[in-house]
Amino acid sequence: MRFVLLALCLLAGCNTPGPHFRGLPATTVTIDGSTFDVRVNGRLAEALRTNTQYAPRFGPIKDRAGQAMELVSGCIVKEVRGDQALATGILDCGDGGPPIDRLRPQGEYDCFTIDSYISPATNELVLDLDCTPI
């Protein structure tokens, strides 16, 4: 019984954002087969990978996480740090705050909505998007 309780406690932390991003709404984005919950807080973005992939290296995941952060924030990602499960990006939004209507200036994405729902925690619309660079 103790083992089951311990396992449940450990698994509860597997899909939890970092302390700087707790309580913020997440946008779910899929880039080239990797699905991320992306949260933005000021000049930082966090991409929490939620799908299962066998032994991914951080290199390809890092690039996909950066693309997901750019898509959600509308800013350019200067640097991505972290690991295969949780990546933090440093945003470059130019002057002022993050722009609302600007996507990645170096390219465009082709996206379609997989699912949408109202979050019970924040009462906001959550979109599950599948995006690929054009």
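Note that the structure is predicted; figures quoted are calculated from it, not measured.

1. Remarks on the confidence of the model for the protein chain
Interpretation of this model should avoid reading the predicted coordinates in detail wherever pLDDT is low. The share of residues in the protein chain with pLDDT of 70 or more is 76%, and the mean pLDDT across the chain is 77. Here residues 6-13 is a poorly scored stretch, pLDDT under 50, and it has zero contacts once near neighbours within four places are set aside; other chains count. Predicted confidence for residues 100-105 stays below pLDDT 50, and this span has 10 contacts to residues more than four positions away or in other chains.

2. Quick notes on the sheet that holds strand β7 (residues 125-133)
Ordered in space as β4-β5-β3-β2-β1-β7-β6, the seven strands form an open sheet in which the pairing is mixed. Of all the strands in the sheet, just β4 (76-82) and β6 (109-118) have a single pairing partner and so form its edges. Averaged over all neighbouring strand pairs, the angle between strand axes comes to 25°, with direction disregarded. Relative to strand β5 (residues 86-92), strand β3 (residues 44-49) is paired through five bridges, and the arrangement is antiparallel. Looking across to β5, one finds that Ala47 is bridged to Ala87. Contacts from helix α2 (residues 58-73) reach β1 (27-31), β2 (34-41), β3, β4, β5, β6 and β7, with the element oriented near 50° to β2.

3. So, the pairing of β4
Pairing geometry for β4 and β5, over six bridges, is antiparallel. The partner of Glu79 across the bridge, within β5, is Ile90. If you look at the hairpin formed by β4 and β5, you'll find three residues sitting between the two strands.

4. Some thoughts on the state of the cysteines
Per the counting criterion, the structure on display carries one disulfide. Across the disulfide, Cys75 is cross-linked to Cys93 (sulfur-sulfur distance 2.0 Å). With the S-S bond torsion at 100°, the cross-link from Cys75 to Cys93 turns out right-handed. Separated by 18 residues along the polypeptide, Cys75 in the loop between α2 and β4 and Cys93 in the loop between β5 and β6 bring together distant segments of the chain. With respect to burial, Cys75 and Cys93 carry one shared label: buried.

Rules and cut-offs
Residues numbered from 1 in each chain as written. Predicted model: local features only at pLDDT ≥ 70, side-chain atom pairs only at ≥ 80, totals over all residues. Heavy atoms only, no water. pLDDT = per-residue confidence, 0-100. Contact = heavy atoms within 4.5 Å. Pairing = 2+ DSSP bridges. Helix = DSSP H or I, 4+ residues; strand = E, 2+ residues; numbered from the N terminus. Axes fitted to C-alpha atoms, helices over the stretch in contact; angles between N-to-C directions. Disulfide = S-S within 2.5 Å. Buried < 20%, exposed > 50% of the residue type's maximum accessible area, 1.4 Å probe, protein only.

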